[in-house]
Amino acid sequence: MGRLCETEGLSDIQTEILKAVRSFVEDKILPVATELEHADEYPTEIVEGLKELGIFGLMIPEEYGGLGESLLTYALAVEEIARGWMSVSGVINTHFIVAYMLMHHGTEEQKQKYLPRMATGEVRGSFSMSEPGLGSDVSAIKTKAVKDADGGYAITGQKMWLTNGGSSNLIAVLVRTDEGADSVYKNMTTFLVEKEPGFGETAPGLTIPGKIDKMGYKGVDTTEAIFEGHRVGAEQVLGGQPGRGFYQMMDGVEVGRVNVAARACGIANRAFELGISYSQQRETFGKPISQHQAILFRLAEMATKVEAAHAMMVRAARLKDKGERNDVEAGMAKYLAAEYCNEVVEASFRIHGGYGYSKEYEIERLYRESAFMLIGEGTADIQKMIIGRSLLKDYALKG
């Protein structure tokens, strides 16, 4: 059977990594994904297997115990994992963003302290910007860290939508401080908050109430985090200098958008596979439905959208790997991949007819999961705002 989304120009090491991930998805994820998803059960055995594969340290430099691979390699691995079960890719995504922020913005002491254990999965990361009263308006953050007489900080406030909020033991959290410049974007600081995995009071003054019940994206724990005077030392300020948190987080979200694009590509690829397979098995009017022109055209459109989203995701990852700014390309990739993902999944759902509405069929799960791609790491409208503003700068009228 043919495969979409093959990528040219990969090294032998990249090819071997992706081959190993693909095999793991086929053997360990696809056979159990729907059952675990319906039970909303955390994929413990799958996560342990990914630790053994080295996925948690895929981009962490070798000097800190990781594999030192590129964003492209990581994105292609995530695409494969999301093809098996999107929730598993979510377990990795927030961990990866925290590791990336440490790699690029952490002090050497912070890197030495966390990265080697993050590479093995012993330390698992989550991060938080959002709060109950705000969505995309990061400037409206109310959670605050107040400096005390000992030089440490007390954090108070409520954060929302922490993927891995329960299972993680390290949270990168963006809060407001009285330090930094007058600009609202320069008086925010990212703190590295340690806690115990689980729910309830996971550290003094830090409570993880429990899992948020979601339409899809099951298995992985999505939570709130309530800070009530939680104390952290000054050494837990990411990078060691307050006031830089907004820019650190935006850098992390930028690579996170490539990750979400990859996840959307993986879901779309799986939906196409299910649709084309079912269309060749299901017969109406004496022939497989794949031979009806309406279905044939639908399959052609699906495959084209899968390939287009994949190509844009790869371009955004390669730009970042070259050290170039890719906020526009990452926004384009996330926007297009998310929209196409939903369109491909719905097309596959239609091909399945009434059976697609049954929980016995995998496409039902994908139908619920694909909706999250539209809002994760920024809505479509936010991506279009980023893209549009950049275009106006590039094409500004002269004189």
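My aim in this report is to walk through the structure given alongside it, one point at a time. For every chain, the first residue of the written sequence is number 1, and numbering continues from 1 onward in sequence order. Only residues with pLDDT of 70 or above have their local features reported here, since the model is predicted, and side-chain atom pairs are shown and tallied only from 80 upward, although totals for entire chains, interfaces and linings are computed over all residues. Side-chain figures throughout are based on the complete set of non-hydrogen atoms in the structure, without hydrogens or water.

## Describing the nonpolar core
Most often, soluble globular proteins keep nonpolar side chains buried together rather than apart. To form a nonpolar core, buried Ala, Val, Leu, Ile, Met, Phe, Trp, Tyr and Cys residues must be joined to one another through side-chain atoms within 4.5 Å. Buried residues are those whose accessible area, probed at 1.4 Å on protein chains only, stays under 20% of the maximum for their type, while exposed residues exceed 50% and partly exposed ones sit between those limits. By size, the foremost hydrophobic cluster in this structure holds 99 residues, and its most contacted members are Ile 29, Leu 50, Ile 81, Leu 102, Met 118 and Met 313. What counts as a helix is a DSSP run of H or I of at least four residues, what counts as a strand is a run of E of at least two, and both are numbered from the N terminus. At 16 residues, helix H7 (residues 245–281) tops the list of elements feeding residues into this core. What makes two residues a contact is simply this: any of their non-hydrogen atoms within 4.5 Å. Those residues within four positions of Ile 81 in sequence are excluded, and the remaining contacts are Val 21, Val 25, Ile 29, Leu 50, Ile 55, Val 88, Ser 89 and Ile 92. Counting 16 residues, the second-largest nonpolar core is a separate cluster that includes Leu 162, Val 175, Ile 208 and Val 232.

## Details of the pairing of strand S3 (residues 153–163)
In this structure, strand S2 (residues 144–147) lies alongside S3, joined through 4 bridges in antiparallel fashion. Bridge pairing in S3 places Val 146 opposite Ala 154. When DSSP finds two or more bridges between a pair of strands, those strands are recorded as paired. Counting the residues in the hairpin turn of S2 and S3 gives 5 residues, including Gly 151, whose phi is positive at 90 degrees. Pairing of S3 with strand S8 (residues 222–232), which is carried by 9 bridges, proceeds in the antiparallel orientation. Each bridged residue has a counterpart across the sheet, and for Ala 154 the counterpart in S8 is Arg 231.

## A short note on the environment of Asp 27
Examined against the element boundaries, Asp 27 turns out to sit in helix H1 (residues 12–29). A C-alpha to C-alpha distance of 9.9 Å links Asp 27 and Gly 84, two positions 57 residues apart in sequence.

## Some remarks on the pattern of salt bridges
Once the charged atoms of two side chains with opposite charge are near each other, the side chains can pair. When a carboxyl oxygen of Asp or Glu is within 4 Å of a side-chain nitrogen of Lys or Arg, the pair counts as a salt bridge. A full pass over the atoms with the stated rule returns 24 salt bridges. Across the salt bridge formed by Glu 48 and Lys 51, the nearest N and O atoms sit 3.1 Å from each other. Separated by 3 residues within a single helix, Glu 48 and Lys 51 lie in helix H3 (residues 44–53), roughly one turn from each other. By relative accessible area, Glu 48 is classed as partly exposed at 37%. By relative accessible area, which is 23% here, Lys 51 ends up partly exposed. Each of Glu 26, Arg 83, Arg 270, Glu 273, Glu 362, Arg 365 and Glu 369 takes part in salt bridges that share partners, so that together they form one network.

## Let's talk about the state of the cysteines
In this description, the term disulfide denotes a pair of cysteine sulfurs within 2.5 Å. For the coordinates displayed, the defined rule picks out 0 disulfides. Unpaired in this structure, Cys 341 has its nearest cysteine sulfur neighbour in Cys 265, at a distance of 8.3 Å. Under the relative-accessibility criterion, Cys 341 is labelled buried at 0%.

Function-wise, these values are silent; they only describe arrangement.
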